[in-house]
Amino acid sequence: MYRSTIYCSDYCHNSYLTRIVITLLSCFFLSAAYASTPKADPKVEMGISEYSKTDQEHARTQSKKESKSTTDHSLLKELKGPFFSGPEVTKVCLECHNTAGHQFMKNKHWTWDYKHPKTGQHLGKSVLINNFCTNARGNEGMCAQCHAGYNMTDSNFDFTNQDNIDCLICHESTGTYYKTPTSKGNKACSIMFAGKPAIEWEKVAQSVEMPTRNNCGKCHFYGGGGDNVKHGDLSSVLFDPPKDVDVHMSREGEDFTCVTCHVGEAHEWAGSRYEMTVNDEVGTGKPGMPRETASCESCHSAAPHPIDTVKGIKLNTHTSKVACETCHIPEIARGGVATEVDWDWRTMGKLKDGEGFKLKEYTQGDGHHRATYKSIKGSFTYAENLKPMYAWFDGTMNYTTIDTKFDPSKGPIDINSFSGSANDPASRIYPFKTMHTTQPYDKGNNTLVYMSLWGNDDSALWGNYDFGKSIAAGMKKNGIPYSGEWDYVETLSYWPVNHMVAPKEDAMECSECHAKEGRLSHLDDGSLYIPGTQKNEMLNIIGLLAIFGTLAGVLGHGALRIVATRMRKK
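Quick notes on the rules
Residues numbered from 1 in each chain as written. Predicted model: local features only at pLDDT ≥ 70, side-chain atom pairs only at ≥ 80, totals over all residues. Heavy atoms only, no water. Helix = DSSP H or I, 4+ residues; strand = E, 2+ residues; numbered from the N terminus. Buried < 20%, exposed > 50% of the residue type's maximum accessible area, 1.4 Å probe, protein only. Salt bridge = Lys/Arg side-chain N within 4 Å of Asp/Glu carboxyl O. Disulfide = S-S within 2.5 Å. Phe/Tyr/Trp six-rings, centres within 6.5 Å; stacked < 30°, edge-to-face > 60°. Lys NZ or Arg CZ within 6 Å of the ring centre and 35° of its normal. Pairing = 2+ DSSP bridges. Contact = heavy atoms within 4.5 Å.

A. Structural view of unusual backbone geometry. A cis amide bond, omega 5°, links G81 with the succeeding residue P82. Turning to its location among the elements, P82 is positioned in the loop between β1 (44-46) and α3 (86-96). In this structure, N151 takes a positive phi of about 70° despite not being glycine. Within the secondary structure layout, N151 lies in the loop between α6 (140-143) and α7 (168-171). Backbone geometry places N446, a non-glycine residue, at a positive phi of 55°. Here N446 lies in the loop between β14 (428-442) and α14 (461-464). The class of N446 is partly exposed, set by a relative accessible area of 25%.

In structure tokens:
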């Protein structure tokens, strides 16, 4: 009877005392258990569940403006549904927008493929190797979360099927849309997206509009494996940035979306990491005017500084040699979100009790903890408020591809390099983020490697922690010759800086560059005289005398003309 009363106490009207006893006993045993359990280290997170939260869903943060569209999609009966998948929504979209599919299938967001018009190199996410997660090729099941299509599981994806186009990833505006991997990962990755609500297909379909920064940012802000990892000037802070972080995208500034500058026509958008417009000679200088390129000159012209001051006039003479970004983006990784500057794959594979883990020992400016170690990736170093690296740049990038042979004894290998010089009229001094990585390579062939990272088999690195198996599988899967020997090599990659434009009052002062240890001192190789950077004091004096002499001549000439005019009037 006693045991029966205990079990039924929650349902008995006359067992109030029994419930009190049970509660007290429960508290006692729970307290004892808690006291005897070792407290978990808040900096250690077990498992490799980083992809269970991709931060790819954000409520719209931009101030809602009255739409200029002539169609309210929420009123279209065709979009009432019901829908049970993305391709079903796409079919309806293409019934009205009947040329959009043909247009979009030429876009890099769809093809992941690009032939460089100057170098002839075969580029694009489908073939390139980087020094972050290394390669999308062979790992499409994971990387397809950001592909603007459905059902990409491997490189055999049908690029001719318009039904596979994902219209929603660029056009839905609810912030609730997300994409999951198209193939299974290792057991350790099986918890991905657990507990996420089902997508309301009718709701997201009826919300479509021109792309907002949410649509672009949920992929581009998280490239390379996390928030601001890759670019340094593209982070989640740009969803709703303060004015001192980005004067163009801030609500207190211009409240631009990404497509304000990356203007589009026929589903092609201006802007490219492969071939950039560094010295725009066709910019209209008028905001909102049609143009085919995204550049500062497109709105601000090639002489943006006020000509009613000597400083403004002098600054305008810099624009033919110095990119606007150089002075107006003094630091990157601003606003509290750090960027990665070093990645060491050599430490990958450490386990705790046979399980992968993350160690979060870096606290960035916004208070979030960032992983300095991950079992599946190795060790990381971060930086915030980082001064860029500066170099002469003509807009053309060259890449080390899977078949490029190199000499690993000659120092870090450039994953990508750039061309430009002081003697080239098309070149400017440009800011870059530099990324350093120690990663595997084919020791016998002296080439980079494709690795099998994602998958539900024993060849996937993110589960077996075995570089040998991962490289062998990745190279075989893609038909690439492999010597069977691998080692580590240091690599560098360079990311041109274009975002996080500061207000004009926060632009760099002249003394930042015109100094012996200034930002541009390493560029003073004799091909271009930069006053203040030379160690030859006599040359500096001559340069300054020339500048002030010219100024005095101009002012003196003006004064004489004024005096002469007054004398004639007398």
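Additional details are given in the paragraphs that follow.
B. Structural detail: the pattern of salt bridges. What the rule picks out here adds up to 10 salt bridges. Between R251 and D240 there is a salt bridge, and its shortest N-O distance comes to 3.2 Å. Of this pair, R251 sits in the loop between α9 (213-220) and α10 (258-261) while D240 sits in the loop between α9 and α10; the two residues are 11 residues apart in sequence, bridging distant segments of the chain. Exposure remark for R251: the relative accessible area of 40% places this residue in the partly exposed category. The salt bridge partner of E331 is R519, with a shortest N-O separation of 3.4 Å. Here E331, found in the loop between α13 (324-328) and β6 (339-344), pairs with R519, found in the loop between β15 (486-496) and α16 (537-569); they are 188 residues apart in sequence, far enough to count as distant. Judged by relative accessible area, which is 10%, R519 ranks as buried. Taken together, the shared-partner salt bridges in this structure form one network comprising E331, E512 and R519.

C. Structural view of the state of the cysteines. Here the structure, examined in full by the defined rule, presents one disulfide. The partner cysteine of C146 in its disulfide is C219, sulfur to sulfur 2.3 Å. Its S-S torsion of approximately -105° makes the covalent link between C146 and C219 left-handed. Of the two residues, C146 is situated in the loop between α6 and α7 and C219 in helix α9; the sequence distance between them amounts to 73 residues.

D. Quick peek at the packing of aromatic side chains. Overall, the coordinates contain 24 aromatic pairs when judged by the stated rule. Ring centres 5.9 Å apart and planes at 65° place the aromatic pair F132 and W495 in the edge-to-face group. Of this pair, F132 sits in the loop between β3 (122-123) and α6 while W495 sits in strand β15; the two residues are 363 residues apart in sequence, bridging distant segments of the chain. When the centroid spacing of 5.4 Å and the interplanar angle of 70° are considered together, the rings of F393 and Y430 count as edge-to-face. Residue F393 is found in strand β10 (residues 389-393), and its partner Y430 is found in strand β14; the two are separated by 37 residues along the sequence. The exposure classification of F393 matches that of Y430, with both residues buried. Ring pairs connect the aromatic residues W343, W345, F380, F467, W486 and Y488, which therefore count as one cluster. A cation over an aromatic ring shows up here: K179 above the ring of Y150, its NZ or CZ 5.4 Å from the ring centre. Stacked on the ring of Y373, the Lys or Arg K350 has its end atom at 5.3 Å from the ring centre.

E. Seen up close, the pairing of β14. Among the 15 residues that make up β14, 13 are buried, leaving the element largely enclosed by the rest of the structure. The pairing of β6 with β14 spans three bridges and is parallel. In the sheet register, W343 faces β14, and the bridge partner there is T437. Strand direction decides the pairing type here: β10 and β14, joined by five bridges, are antiparallel. Paired with A391 across the strands is Y430, a residue of β14. In terms of strand pairing, β14 meets β15 through 11 bridges, oriented antiparallel. The residue of β15 that forms the bridge with Q439 is V489.

F. Main features of α9. Buried residues dominate α9, accounting for six of its eight residues. Every buried residue belonging to α9 is among R213, N214, N215, G217, K218 and C219, and all of these are buried. Looking at the buried residues of α9, the elements they touch are α7 and α10.

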